[in-house]
Amino acid sequence: MIRKTIKMLAAAVMVVSLAAAAYAAGPAKGKVTKVEGEQVTVTLEAAPPAYIKKGAMVTALGGSPKVLAVQGNEVTLKFGKAKAEKIKVDSAISLSECEGDELQGC
């Protein structure tokens, strides 16, 4: 009886800690500092979260750009040509973790 209670309590603590970790990695906010063709450079307000790494996909401005480089608080993203042309320097941007199941354009 006591073992079962301890196991249930341990499982509940693990679920709560995992849920807290999932919510802690919220969106990264920053400003666009440079737009060169399809490449957009963003300077983040804080250090980038773990999901922002070279080669990863993120969600930003209604699309799923690929992370080309991460140098300190600067992140370089590759958008589609049409999307990149609409992005303006000094505009605010929010990067969040890509779910992976998002539909891509034709």
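Conventions used here
- Residues numbered from 1 in each chain as written.
- Predicted model: local features only at pLDDT ≥ 70, side-chain atom pairs only at ≥ 80, totals over all residues.
- Heavy atoms only, no water.
- Helix = DSSP H or I, 4+ residues; strand = E, 2+ residues; numbered from the N terminus.
- Buried < 20%, exposed > 50% of the residue type's maximum accessible area, 1.4 Å probe, protein only.
- Contact = heavy atoms within 4.5 Å.
- Areas by Shrake-Rupley, 256 points an atom, 1.4 Å probe, with all protein chains shown as cover.
- Core = buried A, V, L, I, M, F, W, Y, C linked by side-chain atoms within 4.5 Å.
- Salt bridge = Lys/Arg side-chain N within 4 Å of Asp/Glu carboxyl O.
- Pairing = 2+ DSSP bridges.

### Concerning the overall build of the protein
Here is step 1: The helix and strand inventory of the protein stands at two helices and six strands.
Here is step 2: Helices and strands in the protein line up, N terminus first, as α-β-β-β-β-β-α-β.
Here is step 3: For the protein, the residues scored as buried account for 25% of the 106 residues in total.
Here is step 4: For the protein, the share of sequence-separated contacts (at least 6 apart) that also reach a separation of at least 24 residues comes to 56%.
Here is step 5: Surface exposure of the protein reaches about 7,500 Å², of which carbon and sulfur atoms provide 60%.

### Observations regarding the nonpolar core
Here is step 1: Among the nonpolar cores identified, the biggest contains 17 residues, and I52, L77, F79 and L95 are the most heavily contacted of them.
Here is step 2: Broken down by secondary-structure element, the contributors of at least two residues to this core are β1 (28–36), β2 (39–44), β5 (74–78) and β6 (92–97).
Here is step 3: It is β2 that provides the largest number of residues to this core, a total of three residues.
Here is step 4: Beyond its immediate stretch of four places on either side in the chain, L95 contacts P27, A28, L44, Y51, I52, V58, T59, A60 and L77.

### A word on the pattern of salt bridges
Here is step 1: The full count for this structure, using the stated rule, is one salt bridge.
Here is step 2: The partner of K78 in a salt bridge is E38, with the nearest N and O atoms 3.8 Å apart. One end of the pair, K78, is in strand β5; the other, E38, is in the loop between β1 and β2, with 40 residues separating them in the sequence.
Here is step 3: K78 sits in the partly exposed class, given a relative accessible area of 40%.
Here is step 4: On the accessibility criterion, E38 (31% relative accessible area) is partly exposed.

### As for unusual backbone geometry
Here is step 1: In the Ramachandran plot, L61 falls in the positive-phi region, its phi being about 50° despite a non-glycine side chain.
Here is step 2: Relative to the helices and strands, L61 resides in the loop between β3 (58–59) and β4 (66–71).
Here is step 3: We note that D90 has phi near 75°; this positive angle belongs to a residue other than glycine.
Here is step 4: Turning to its location among the elements, D90 is positioned in the loop between α2 (81–86) and β6.

### Re the pairing of β2
Here is step 1: Note that β1 and β2 share six bridges and pair antiparallel. Of the residues in β2, the one forming a bridge with V32 is V42.
Here is step 2: Between β1 and β2, which pair antiparallel in sequence order, lie two residues; one of them, G37, sits at a positive phi of approximately 65°.

### A word on the sheet that holds β4
Here is step 1: The strand order across the open sheet formed by six strands is β3-β6-β1-β2-β5-β4, and the pairing between neighbours is antiparallel. The open sheet is flanked by β3 and β4, the only strands paired with a single partner.
Here is step 2: Here β2 runs beside β5; their pairing, made up of five bridges, is antiparallel. Bridge assignment links T41 to a residue of β5, and that residue is T76.

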